[in-house]
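# Residue-level structural notes
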4 protein chains.
Amino acid sequence: MWPDSEVDAVVIAAPARFHADLAVAAARAGKHIFCEKPMALSLADADRVIDTARAAGVVLQVGFNRRFAPDWVAARVLVEDGRVGTPRLLRSLTRDPGGFDPARVAPGTIFLETLIHDFDTLRFLNPGSEVTHVHAFADALVEPAWRDQGLLGTAVVTARFGNGAVGTAEACFEASYGYDVRGEVLGSGGMVTMGDGRRTGMTFPGPAGRLVDTARGDQELFAGAYVAELAAFTGAVRTGSPSTVTGEDARAALAVALAAAESARTGRVVEVAK
Amino acid sequence: MWPDSEVDAVVIAAPARFHADLAVAAARAGKHIFCEKPMALSLADADRVIDTARAAGVVLQVGFNRRFAPDWVAARVLVEDGRVGTPRLLRSLTRDPGGFDPARVAPGTIFLETLIHDFDTLRFLNPGSEVTHVHAFADALVEPAWRDQGLLGTAVVTARFGNGAVGTAEACFEASYGYDVRGEVLGSGGMVTMGDGRRTGMTFPGPAGRLVDTARGDQELFAGAYVAELAAFTGAVRTGSPSTVTGEDARAALAVALAAAESARTGRVVEVAK
Amino acid sequence: MWPDSEVDAVVIAAPARFHADLAVAAARAGKHIFCEKPMALSLADADRVIDTARAAGVVLQVGFNRRFAPDWVAARVLVEDGRVGTPRLLRSLTRDPGGFDPARVAPGTIFLETLIHDFDTLRFLNPGSEVTHVHAFADALVEPAWRDQGLLGTAVVTARFGNGAVGTAEACFEASYGYDVRGEVLGSGGMVTMGDGRRTGMTFPGPAGRLVDTARGDQELFAGAYVAELAAFTGAVRTGSPSTVTGEDARAALAVALAAAESARTGRVVEVAK
Amino acid sequence: MWPDSEVDAVVIAAPARFHADLAVAAARAGKHIFCEKPMALSLADADRVIDTARAAGVVLQVGFNRRFAPDWVAARVLVEDGRVGTPRLLRSLTRDPGGFDPARVAPGTIFLETLIHDFDTLRFLNPGSEVTHVHAFADALVEPAWRDQGLLGTAVVTARFGNGAVGTAEACFEASYGYDVRGEVLGSGGMVTMGDGRRTGMTFPGPAGRLVDTARGDQELFAGAYVAELAAFTGAVRTGSPSTVTGEDARAALAVALAAAESARTGRVVEVAK
C-alpha cells in the first residue's frame, strides 16, 4: 500500500519491536523516515536500518524530541558556544505521571523506551565524547508486584564518558505531580539547567501556599518540540539536507541502554558496545 | 478591491488612526473583522464600528492578544472559578525593549496604543465591574527631549472600579532587559500572577551569577497568543459563534485610555465616560 | 525610672500616638533612641523629636526595618552602583495576612503605619530625589463594614518624584497567602526586584501542583532585618557614628503619608509638604 | 589545659585525622562534644568515640549542619508527615566554589569530607532505612594534574537503600558560580526539593538578561545552620536531652563513604559495612 508513489515519507510510531523492520521496509521503498525512539532494540537491527537508509538515500530522523524543546536547544547553544566549558557532570531525568499498563512494560522498557531519551540528552550535551561504561540500580518501586516479573519502574544509571565526564540518567514511572523531564550540565565554565516543569508562568498564592502552574502530561511540556521535530524532518526532506538526529545517534543511545539493562541484571559496571 | 467575493474576513493592522474607517468599510462590505487595538481613537468612532458590524452581522474581534496568552488564560480561569475571590487590587504593566521612533509617537500613544492592553487586562481579570475613575502620572523619562513635544514614554495609571477594586496600569517605552508584560490580581481568596518573562525554562549559573533565559521581544513572549487569537477569530467566523473579544471590550478600554490621557494632561482624577 | 544612669538607650515600640512624646522625653534624658515607625503623626511633632535629639546629641534611629532586609540591601547596592541607572518607575507594597482588630485601626492607619514603610522604601531606592505630589485611591474592601467609620483596608498611592520618577505604594490588610512585602525599581539601566515571599528555598510538587514554601508572618520574612536594625543602632551608639535611618527620613516618609491620606479624603492630587 | 573544670563542652574542628582521638580524650575528661564531620576516618575509630562518649555520659553531636538548614528542615517535616510518601529516588549534591589546595586533599577526601554530608542527607531524608550497596564513578576533572596522585575532584555515587530507594550523591570541587548544595526526594506522594542557591530574593534583569542573586560561599548559604546546630548542641548540654545528630549517624555516613571510596578504586559495587 504505502509504496504508493504519492507518499514521500513515513512516520513510524508503532510499538518499539516493529520499528526496525518498518524502517527497513520504508527505506527499501524509497521513503524518507521519521522513526520514533527506540529505532531498534538491538545493535544489529540498528545497523540494518542505518545501512538500508543510507543505501536508499533517504532521510532518517529519530524521535528524540527533547533536542527540539526550547530549554534543551538553549542549553546546547551555551555548550557549543563554550560558555559552559568542558562538561564534567551531567544529569537527565524522566518521570512519568503514572498509570502504566504492565501489559505494555517489558523488563527492558525503562532503559530502551524511557531512559533512551536521557541517554540521548546526555550525548547531546556532551558532544564529541561517548559513554564508555555504565552502572545501573533499578527496582520495581512503583508496583512492587511487578518485581516477580522483572518489570522495573525506577532506575538510576550512571554513565562515564570518554572525556571523564559522568552523567546520571534517572527514571521513574510515577510522579504524583505530573510528567517531569529535567536536566543539567556542570562544566568548567558554568552550569546550565533545563526543564522547569511549568505549564504556564502563572502562579497562585493562596491559603495553601504558593502554587506554581505545572504540567501534568507530556503534551503540555513538549507540544512545541513535537511540532518542531517534524518540521525539521519535512525541512530535511524538502531541501535534501541531512537529518539532525541520525540513525547513528539512535544507535549510540541504544548501546548505552542495552549496557544499562545488563548492569541492572548483573549488578556490575558494563562497558558500552562500540 | 477587497469587496472581492472570495474574501470572507479581513485583518486590520494599519496605523491606529485608520482602524475605525477601515473596520466600518469592511463591515459594510460584509467582511468579518479582526482589528488590531485600538479599534478606534474616539468613542464616537468606536460606536460607529460596533453599530456597523452589528448591522452587517459580521464577526468583530479586537487584537487584545494577552487574553490568549497561557498565563492570562490560566489566571482568568482561577478568577472565574472563584479561587481568587473578589478582586481587590490588580496590576498590569507593559514595558517595551526601546528604540521607539518619535515620529511614530503622538501625545496619546502611551495610553491609546500601549496601556490600552493593560486596561483591557484589568477588565478581563475583574469581570462584571467597570472602571469609573482614573488618575495618571506620566512623563518623558525615556527621552527627555520628547517632553517639549508632549510625547510621553512613561506612565502610571490607577483605575478605580465600580466594585471598589483598584487597578494599576504601568507602561514604559524602554526596558533594558527586553519586553516585559506582567500582571497580578489580589482577591479575597488569593493572588494570581501572570508573566514571568522567560523565553525558555533554561538557566545559566556562571561566573556572573545565575542568568535566567528571558525574552527580548514580543514575538518571544506572545507568538502563541498571536496564533491563538487568530485561530479564535477564524473559528468564530466558521462556526458563527460570537467573538470573545468584542467591540464593546475595545470601547470600554478606549474610554479608560481617553480618561487617563486627560488625567495626565490636567493632573486631576477623571471620570470614565459611559 | 528610665533616667536611670545605667540605661544608655531606649527602644520605643508603644502605640504610634505616643512615639513623639516618648522620644522627646528620652532625648531630654540623654538616652539614645530607636523609635518604631511612625516616629510622629504630625510634621510639627517630627520636627520636635529631631530638634530635641540633635540638641541632646543622642543617636536617633527609626524602625524602617526593610532597609536592613537582604533583598533591599542588595537592591540599594545596585542602585548606588549605577547598574540600575536613573530610576523611572518604582513599586513597593505591603500586604498583611489579615485578622486586624478594628479597634486598633484609625482612618489614617493604612497610610501612617503601613504604607509609611513603602514610602520610605521608595525614597531609599530613588536616593537624592523627593516625592513632590501624591494621589491615592483607598477603600474598606477587606471589611466593608468599616467603611462607615472611615477605616481603610486597601490603598494604592502613586507618588511623583522631583526627578520625574513615579512610585506606586500599595497596601492591603488581608492576603490569604500570608504577609507579602515586595518591590521593584525600573531604571534606565535595568530593573531590580525585592521580596520573593519565600520562607525557605524548599518546594513541594505534589498532586495539587508545585507548592513553594512561603512565609505567613512578618517574623518569617524579616527576623534577620529586625536583628540587623538593632545591631546597627547599638553599633551607632557604641561608636558614635551617625544613624543610617534618621529622623529626617522619618519626617520625609510622614510627609508623604499625610499627603496620601489627604488625597484619599479629597480625591485630589496633593502636594507633599516641605 | 582543657580538663579545666570551667569547661563543660568542646567543639572539635581540627583536621579530620585528629577528630577521633580528640573526641575520645574529651569524653574521658567528661566534656560534651560537638565534633565536625567526619567524626572518624575508620569504623573502629567511630566505635571508639561512640563507646567512650556513652560511657562518660556526655553529649556527642556531629557537624552535619544541613540538618539545621531551613530547606532541609522543611523537607524532613514533609517526609515525616508522610506527604512525600515512601522515598524512591533521592539526590544530594555538593559543589564547592573551587580554589582547593592539593596539599589539603587526600585520595579519600571527596568521599570522607565532602560527600559525607550528602550521605548523611540521604539518610536524613529516607529515615528508617540504610544504604546497603554503593557504586562510584570518580575522577580528577577539576585538576587533571591531580590524577597521578590519586586525588579526586569529581564523583558521583549511587546508593541503594534497604527499602529499594536509590540515592545519588554528587560532588565537584569547582563550580564557577559558587557553592552549590541541593537535594531532592521523589516519593510515592510527591517530591520535595532543597537548595535554591539564592543569597537573597533579589533579581536584576538588565542588558545581559535576568540575574538571580546567588550565594558564592558556604557562609552565605549556611550561616544560619551553623548557628542553629551549635544552639541545638548547647541546648542538649543544658537540658541533658539527647543529641539529634548522633555518633551513630556519623558512623553510618562514614560506612557509606568508605564503601564509595572502595568502589571508586575497584570499579565494583561495594556492600556497605554494618
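Criteria and thresholds
Residues numbered from 1 in each chain as written. Chains lettered and ligands numbered in written order. Predicted model: local features only at pLDDT ≥ 70, side-chain atom pairs only at ≥ 80, totals over all residues. Helix = DSSP H or I, 4+ residues; strand = E, 2+ residues; numbered from the N terminus. Rg over C-alpha atoms; globule rule 2.2 N^0.38 Å. Contact = placed C-beta atoms within 7 Å. Least-squares fit on C-alpha atoms with pLDDT ≥ 70 in both. Buried ≥ 20, exposed ≤ 12 C-beta atoms within 10 Å, placed from the backbone. Arc of directions from axis to C-beta. Domains from an automatic or database assignment. Nonpolar A, V, L, I, M, F, W, Y, C, P; charged D, E, K, R; others polar. Pairing = 2+ DSSP bridges. Axes fitted to C-alpha atoms, helices over the stretch in contact; angles between N-to-C directions. Parallel < 35°, antiparallel > 145°, perpendicular 65-115°, else oblique. Left-handed = near helix turned anticlockwise from the far one by under 90°. Expected span 1.5 Å × (residues − 1). Bend = angle between axes of the 7 residues up to and from the residue.

This part is about the overall build of chain A. A count of helices and strands for chain A gives 6 helices and 12 strands. Computed over its C-alpha atoms, the radius of gyration of chain A comes to 19 Å, within 12% of the 19 Å expected for a compact globule of 274 residues. With the principal axes as the frame, chain A shows a C-alpha extent of 60 × 40 × 40 Å. Here the analysis covers contacts within chain A between residues at least 6 apart in sequence; of these, 70% occur between residues at least 24 apart.

The second copy of the chain is related to the first by a rotation about an axis and a shift along the axis. Superposition record for chain D on chain A: RMSD 0.0 Å, screw rotation 180°, translation along axis 0.0 Å. Between the two chains, the operation in question is that of a two-fold axis. For chain D, the smallest separation between a C-alpha atom and the rotation axis is recorded for Arg268 of chain D, amounting to 3.3 Å. Interface overlap between copies: 100% of the residues of chain D at the interface are likewise at the interface in chain A, consistent with a symmetric, same-surface contact.

In this section: helix H1 (residues 19-28) of chain A. Residues and elements named next belong to chain A. Those residues of H1 that sit buried are His19, Ala20, Ala23, Ala26 and Ala27. Along H1, the residues classed as buried sweep out an arc of 130° about the axis, all on the same side. Residues of H1 that are buried make contact with strand S1 (9-12), strand S2 (32-35) and helix H2 (43-56). Looking at the residues trailing H1, positive phi occurs at Gly30, about 80°.

So, about the domain arrangement of chain A. Residues and elements named next belong to chain A. As assigned here, chain A comprises domain 1 (9-64 + 227-246) and domain 2 (66-221 + 251-271). With centres defined by C-alpha atoms, the gap from domain 1 to domain 2 works out at 23 Å. At the interface, 13 residues of domain 1 touch 11 residues of domain 2. Within the residue set of the side of domain 1 that touches domain 2, elements represented by two or more residues are H2 and helix H5 (218-239).

Let us now look at the interface of chain D and chain A. Listed as interface residues are 25 residues of chain D and, on the opposing side, 25 residues of chain A. Those elements that provide at least two residues to the side of chain D that touches chain A are strand S4 (87-95), strand S5 (131-139), strand S6 (154-161) and strand S7 (166-172) of chain D. The class makeup of the residues in the side of chain D that touches chain A is 11 nonpolar, 9 polar and 5 charged.

Turning our eyes to something else, we now look at the sheet that holds strand S3 (residues 60-62) of chain C. All names here are of chain C. Within the open sheet, the 3 strands sit side by side as S1-S2-S3. Their pairing is parallel. Edge strands, defined here as strands with exactly one partner in the open sheet, are strand S1 (9-12) and S3. In this sheet, adjacent strand axes meet at a mean angle of 15° when their direction is disregarded. One ladder, built from 4 bridges, connects S1 with strand S2 (residues 32-35); its direction is parallel.

Taken together, the contact between chain A and chain B spans 24 residues of the former and 24 residues of the latter. Listed by contribution, the elements that provide at least two residues to the side of chain A that touches chain B are helix H3 (70-81), strand S9 (191-194) and strand S10 (198-206) of chain A. Among the elements that line the side of chain A that touches chain B, the one with the most residues is S10 of chain A, at 8 residues. For the side of chain A that touches chain B, a count of residues per class yields 11 nonpolar, 8 polar and 5 charged.

Residue and element names in this part refer to chain D. Strand order in the open sheet formed by 3 strands is S1-S2-S3, and the pairing between neighbours is parallel. Each having just a single partner strand, strand S1 (9-12) and strand S3 (60-62) make up the two edges of the open sheet. Adjacent strand axes in the sheet meet at a mean angle of 15° when their direction is disregarded. Where strand S2 (residues 32-35) and S3 come together, 3 bridges link them in parallel fashion. Bridging across to S3, Cys35 finds its partner in Val62.

Below, the discussion takes up the relation of the copies chain A and chain B. When chain A is fitted onto chain B, the two copies agree to an RMSD of 0.0 Å after a turn of 180° and an axial shift of 0.0 Å. Mapped onto chain B, 100% of the interface residues of chain A are again interface residues, and the two copies thus contact each other with one and the same surface.

Turning our eyes to something else, we now look at the packing of helix H1 (residues 19-28) of chain C against helix H2 (residues 43-56) of chain C. All names here are of chain C. The interhelical angle for the contact between H1 and H2, taken along N-to-C directions, is 15°, at an axis separation of 8 Å. Taken together, the axis directions place H1 and H2 in an arrangement best described as roughly parallel. As H1 packs across H2, the resulting crossing turns out to be left-handed. Mapping the contact onto sequence places Ala20, Ala23, Val24, Ala27 and Arg28 in H1 and Asp45, Arg48, Val49, Thr52, Ala53 and Ala56 in H2. Across the contact of H1 with H2, the residue classes break down as 7 nonpolar, 1 polar and 3 charged.

With that settled, the discussion passes to the pairing of strand S10 (residues 198-206) of chain D. Most of S10 of chain D is tucked away: 8 of the 9 residues are buried. The antiparallel pairing of S10 of chain D with strand S11 (residues 209-214) of chain D creates a hairpin that spans 2 residues between the two strands.

Another aspect to go through is the packing of helix H4 (residues 109-124) of chain A against helix H6 (residues 247-266) of chain A. All names here are of chain A. Across the interface, H4 lies against H6 with an axial gap of 8 Å and an inter-helix angle of 120°. Classed by the angle they form, the pair H4 and H6 counts as oblique. Crossing handedness for the pair H4 and H6: right-handed. On H6, the residues that touch Phe111, Leu112, Leu115, Ile116, Phe119, Asp120 and Arg123 of H4 are Asp249, Ala252, Ala253, Leu254, Val256, Ala257, Ala260 and Ala261.

Moving on, we get to the pairing of strand S11 (residues 209-214) of chain A. Of all the 6 residues making up S11 of chain A, 5 are buried; the element is thus mostly covered by neighbouring parts of the structure. Relative to S11 of chain A, S10 of chain A runs antiparallel, the two being bridged by 5 bridges. By the bridge assignment for S11 of chain A, Phe204 of chain A is matched with Leu211 of chain A. By the bridge criterion, 3 bridges tie S11 of chain A to strand S11 (residues 209-214) of chain C in an arrangement that is antiparallel. For Arg210 of chain A, the partnering residue across the bridge sits in S11 of chain C and is Val212 of chain C.

This part covers helix H4 (residues 109-124) of chain B. All names here are of chain B. Spanning 16 residues, H4 covers 22 Å between terminal C-alpha atoms, matching the ideal 22 Å at 1.5 Å per step. Taken as a whole, H4 carries its principal kink of about 55° at Leu115. Of all the 16 residues making up H4, 15 are buried; the element is thus mostly covered by neighbouring parts of the structure.

What follows is about the environment of Ala46 of chain B. Residues and elements named next belong to chain B. Residue position: Ala46 is located in helix H2 (residues 43-56). The exposure class assigned to Ala46 is buried, which follows from the 25 C-beta atoms found within 10 Å. Spatially, the C-alpha atom of Ala46 lies 26 Å from that of Cys172, the residues being 126 residues apart in sequence. For Ala46, the residues in contact, after removing those within four places along its chain, are Met39, Ala40, Gly247, Ala250, Arg251 and Leu254.

Looking now at the environment of Thr244 of chain C. Residue and element names in this part refer to chain C. Checked against the element boundaries, Thr244 lands in the loop between helix H5 (218-239) and helix H6 (247-266). Thr244 sits in the partly exposed class, given 15 other C-beta atoms within 10 Å. Each C-alpha atom of the pair Thr244 and Glu229 lies 9.5 Å from the other, and the pair is 15 residues apart in sequence.

Okay, the environment of Arg251 of chain B next. Residue and element names in this part refer to chain B. Mapped onto the fold, Arg251 is located in helix H6 (residues 247-266). Judged by local crowding, Arg251 falls into the buried class, with 20 C-beta atoms found within 10 Å. In the structure, Arg251 is positioned 173 residues away from Leu78 in sequence and 25 Å away in space, judged by C-alpha atoms. Excluding its chain neighbours within four sequence positions, the residues that come into contact with Arg251 are Leu43, Ala46 and Ile50.

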